[in-house]
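Next come the chains, spelled out residue by residue.
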Amino acid sequence: MYLQGRSSSVWMHVFMLLDCYWRAVLGQLSYSVSEEVNPRTTVGNVSKDLKLNVQELETRMFQIVAGSRRKYFEVNLKTGVLYVNERIDREELCGGEAKCAINVEAVINNPLKLYRLEITILDVNDNSPSFLGKTQELNITEITAVGTKFPLHPAHDADVGKNTIHSYRLSPNEHFSLETQRGERVTPELVLQKVLDREKEPVIRLSLTAMDGGTPAKTGTMDLTINVLDINDNAPEFGKTLYKASVFENVTIGTSIITLTATDLDAGTNGQVFYSLSAVGGGKANELFAIDEKTGTVKNIKNIDFEENNAFEIRVQASDRAVFPMTSHAKLLIEVLDVNDNAPEITVTSLLNTVKEDASIGTAIALVSVFDKDSSKNAMVNCKISNNVPFKLESNYKNYYSLVVDGPLDREKAPHYNISITAVDEGSPPLSSTSIILVHVSDVNDNKPHFSESTINIFIKENSPTGAVIKTVSADDEDTDQNGKVSYSLLQDNRNSLPLSSMININSETGDIISLQSFNHEELKTFQFKVQATDSGVPPLSSNVTVNVLILDENDNIPTILAPYSEHGSVNSETIPYSAEAGYFVAKIRAVDADSGYNALLSYHLSEPKGNNLFRIGTSTGEIRTKRRMSDNDLKTHPLVVLVSDNGEPSLSATVSIEVMVVESTADVQTQFRHVPIKEDSFSDLNLYLLIAIVSVSVIFLLSLISLIAVRCHRTDGTFSRYSAPMITTHPDGSWSYSKATQQYDVCFSSDTLKSDVVVFPAPFPPADAELISINGGDTFTRTQTLPNKEKVRSH
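Brief notes about the overall build of the protein
Part 1 of the argument: When you go through the protein residue by residue, the secondary structure sums to 6 helices and 55 strands.
Part 2 of the argument: Across the protein, every contact between residues at least 6 apart in sequence was considered, and the portion connecting residues at least 24 apart equals 64%.
Part 3 of the argument: Taken as a whole, the protein presents about 42,100 Å² of accessible surface, with 51% of it coming from carbon and sulfur.

Here it is as structure tokens:
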């Protein structure tokens, strides 16, 4: 409370005592301020006293981080002034303690320093002395000797020092005077100066005034009523005037602490002694303890707590049982011994809400303080982190610690940490407490986008519509927010001659790859490009993936008839002799298809007039032969239509017309493919040479064929080839097929040794061009490769 009549200006004593030593970078300042001063009253200038630049207080985050639970003081970061933040009542804060101080810890960052401020609260005389009761009665016998002393109720003043009880004053009278005893406090005693005479004055009324030492002094008054008793002239006497005992806190209620003894020289009821606790200055002690009135044994009647009171002063009185009893007094001091019954208390002050995952080792994120209400060894505390985390505690000052980073952080592995801090005291048995601190780790851009595949293969059909999504690529980024937001782009490669920008595009947000044109398998079978995934971090990180686009063949090309036969619309003529036997070779139709695989696998069929069964054609060879010998009923001219079909879905076809004429003599037979020499009767040298040449060519052909098959079996393609066991299939017309998983060969032999063809049909993928290998009558071996959408070449 404020002093009445105090002027509006508040006097204040401010002083500073620098401690005689500094511990590491820590310091301690001492100030003092009077209680009850107005809020915002200046206590001192901490920036000046700590030799800190006032402009750095705000940037270095100077703040009060520990102290009392109420924030009595605050610092003006603009001026560096320490001021009173709220009303301070010394009596409420420290009670009857002689010294009242508030310890405040302040911290400043960059670099981290901790300062300790001790502010002593000075007492002002704002409390008047008061007695426990308004009146006190004393029973004094008339035979009481002069000089006998009677203790009186002391007054209580909440103030301390010179503002507490200073003296007592007794109202004027002829029988009594006043003496005071000075110890921990001033206690009054009434001294008999003149023998009492009950018959003259049975009751004496006085007043006792207590005065404090303040300026001006405050007073309090209590009325005294003295009853003059008759005859019992011996009071009980204690063996000691001062008794001492000790007891552990939290002992069982009813525990015997000490037994006091007093004796009375009188006889009978005047000599019977009973004990009681004096109401004089009893206070809280009389609520916790009781004395057996017969035995004098003192026991506790409630739980005793060392942290509330570590000692008690009790006045014990012994009285006799006379009609007018006499009483004597003794003092009992009970010391309370501490037991380890309080676990340490952990207080955490966060400096950072989140810590970056690239934070350096030693970065401070919180301040930790530990307090134990026990005393001595029971209050000595060890603090540590009890779980395995990349943090540690660094000791600052006594039970104050800094929580700092002690290892690398990775948000992708641990986005937050629950740091378990355990404090253990050194009592027996030790007590502990644990506090969990949640620390969030913020993201930095330290992870590239990641594709699940190193190479992506896209299979699309030729002639697919423009604008279709042919593939969606996706990359994952373990970072968050902008650091994990991925955009996609095509990576330009100067070595790639294809105009990729006009062929494909990619959606930067979704990764959809979109075709900008329709592709033709016969022109372009495969192409390659790279997609780059880039995050939105600073700086951005990226990664690439190779994309192979494989264009699948569609059956979009009709078979093409090779020379010397023209396509549909014109008629080609061939002649055969009337004497031709069954199986006589008439003509061979050759055709190619620009498609690949089964779309380019051709079959030949005759569309004969009804009833004409003279000719047949090899389904896979295209050779037209006679089925039987000629008869007189057969026509001399036979128009044939050859249908050439591919094996695609749906199948495409082309036709060619041939008119076969029957002649009488073999000399009249002409063919587009050969001129048959006239058979001579004698076996000349020329025939011998011709036979040797034919055999040689046949051997060379067989060796070449075997070599070709061997090379095809062992050839590998670095990007796309996959091999399996070959398969050879024979056909009824005398041809056979050699096929593998990636290629198929149809080898056709005619009965005429001068006409044999090897036709190679490649599989649809990987892309390769069909091959036509022919052996003609000129005994030459020619390999011709057919190209898409170009004129087909026939060797002959």
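On we go.
Re the sheet that holds strand β30 (residues 416-425)
The strands making up a sheet associate through backbone hydrogen bonding, with each pair oriented either parallel or antiparallel.
Part 1 of the argument: With mixed pairing, 4 strands are arranged side by side in an open sheet as β25-β31-β30-β27. With one partner strand each, in any of the chains shown, β25 (354-356) and β27 (381-385) form the two edges of the open sheet. Strand after strand, the sheet turns through a mean of 30° between neighbouring axes, direction not considered.
Part 2 of the argument: Alignment of β27 against β30, held across 5 bridges, turns out to be antiparallel. Across the sheet, residue I385 finds its bridge partner in β30, namely I421.

Some details on the state of the cysteines
Part 1 of the argument: All told, the structure shown has 1 disulfide when counted by the stated rule.
Part 2 of the argument: Put simply, C94 and C100 are joined by a disulfide, and their sulfur atoms are 1.9 Å apart. Residues C94 and C100 are joined by a disulfide whose S-S torsion is about 65°; by sign, that bridge is right-handed.
Part 3 of the argument: With relative accessibility at 17%, the residue C94 sits in the buried group.

Details of the pattern of salt bridges
Part 1 of the argument: A complete count under the given rule lists 21 salt bridges for this structure.
Part 2 of the argument: Its salt-bridge partner being E345, residue K373 comes within 3.9 Å of it at the nearest N-O pair. Here E345 lies in strand β24 (residues 345-350) and K373 lies in the loop between β26 (364-371) and β27, a separation of 28 residues in the sequence.
Part 3 of the argument: Its salt-bridge partner being K636, residue E664 comes within 3.7 Å of it at the nearest N-O pair. Separated by 28 residues along the polypeptide, E664 in the loop between β49 (653-663) and α6 (685-714) and K636 in the loop between β47 (623-626) and β48 (637-645) bring together distant segments of the chain.
Part 4 of the argument: Owing to a relative accessible area of 44%, K636 belongs among the partly exposed residues under this scheme.
Part 5 of the argument: A network of salt bridges, in which partner residues are shared, links E36, R87 and D89.

Overview of the environment of L640
Part 1 of the argument: Take L640: it is sitting in strand β48.
Part 2 of the argument: Measuring from C-alpha to C-alpha, the distance between L640 and V656 comes to 8.4 Å, with 16 residues separating the pair along the chain.

Here's the deal with the confidence of the model for the protein
Part 1 of the argument: When pLDDT is averaged along the protein, the result is 79, and 82% of the positions lie at 70 or above.
Part 2 of the argument: Low pLDDT, under 50, characterises residues 1-25; the predicted model gives this stretch 50 contacts beyond four residues in sequence or across chains.
Part 3 of the argument: The low-confidence segment residues 716-796 (pLDDT under 50) makes 196 contacts with residues lying over four places distant or belonging to another chain.

Digging into unusual backbone geometry
For residues that are not glycine, phi is negative in most cases, and the peptide bond is trans in most cases.
Part 1 of the argument: Backbone torsion omega between N110 and P111 reads 0°, so that peptide bond is classified as cis.
Part 2 of the argument: Within the secondary structure, P111 sits in the loop between β6 (101-108) and β7 (113-122).
Part 3 of the argument: With an omega of -5°, the peptide bond running from T215 to P216 counts as cis.
Part 4 of the argument: Residue placement: P216 occurs in the loop between β13 (203-212) and β14 (219-229).

Examining the packing of aromatic side chains
Part 1 of the argument: All told, the structure shown has 8 aromatic pairs when counted by the stated rule.
Part 2 of the argument: Here R40 stacks its cationic end above the ring of Y83, 4.3 Å away from the centre of that ring.

Remarks on the side chain of T546
Part 1 of the argument: Secondary-structure assignment places T546 in strand β40 (residues 542-552).
Part 2 of the argument: On the basis of relative accessibility, which here comes to 17%, the residue T546 falls in the buried class.
Part 3 of the argument: Residues within four places of T546 in sequence aside, it is in contact with S454, T455, I456, Q528, F529 and K530.

The rules behind these values
- Residues numbered from 1 in each chain as written.
- Predicted model: local features only at pLDDT ≥ 70, side-chain atom pairs only at ≥ 80, totals over all residues.
- Heavy atoms only, no water.
- Helix = DSSP H or I, 4+ residues; strand = E, 2+ residues; numbered from the N terminus.
- Contact = heavy atoms within 4.5 Å.
- Areas by Shrake-Rupley, 256 points an atom, 1.4 Å probe, with all protein chains shown as cover.
- Pairing = 2+ DSSP bridges.
- Axes fitted to C-alpha atoms, helices over the stretch in contact; angles between N-to-C directions.
- Disulfide = S-S within 2.5 Å.
- Buried < 20%, exposed > 50% of the residue type's maximum accessible area, 1.4 Å probe, protein only.
- Salt bridge = Lys/Arg side-chain N within 4 Å of Asp/Glu carboxyl O.
- pLDDT = per-residue confidence, 0-100.
- Phe/Tyr/Trp six-rings, centres within 6.5 Å; stacked < 30°, edge-to-face > 60°.
- Lys NZ or Arg CZ within 6 Å of the ring centre and 35° of its normal.

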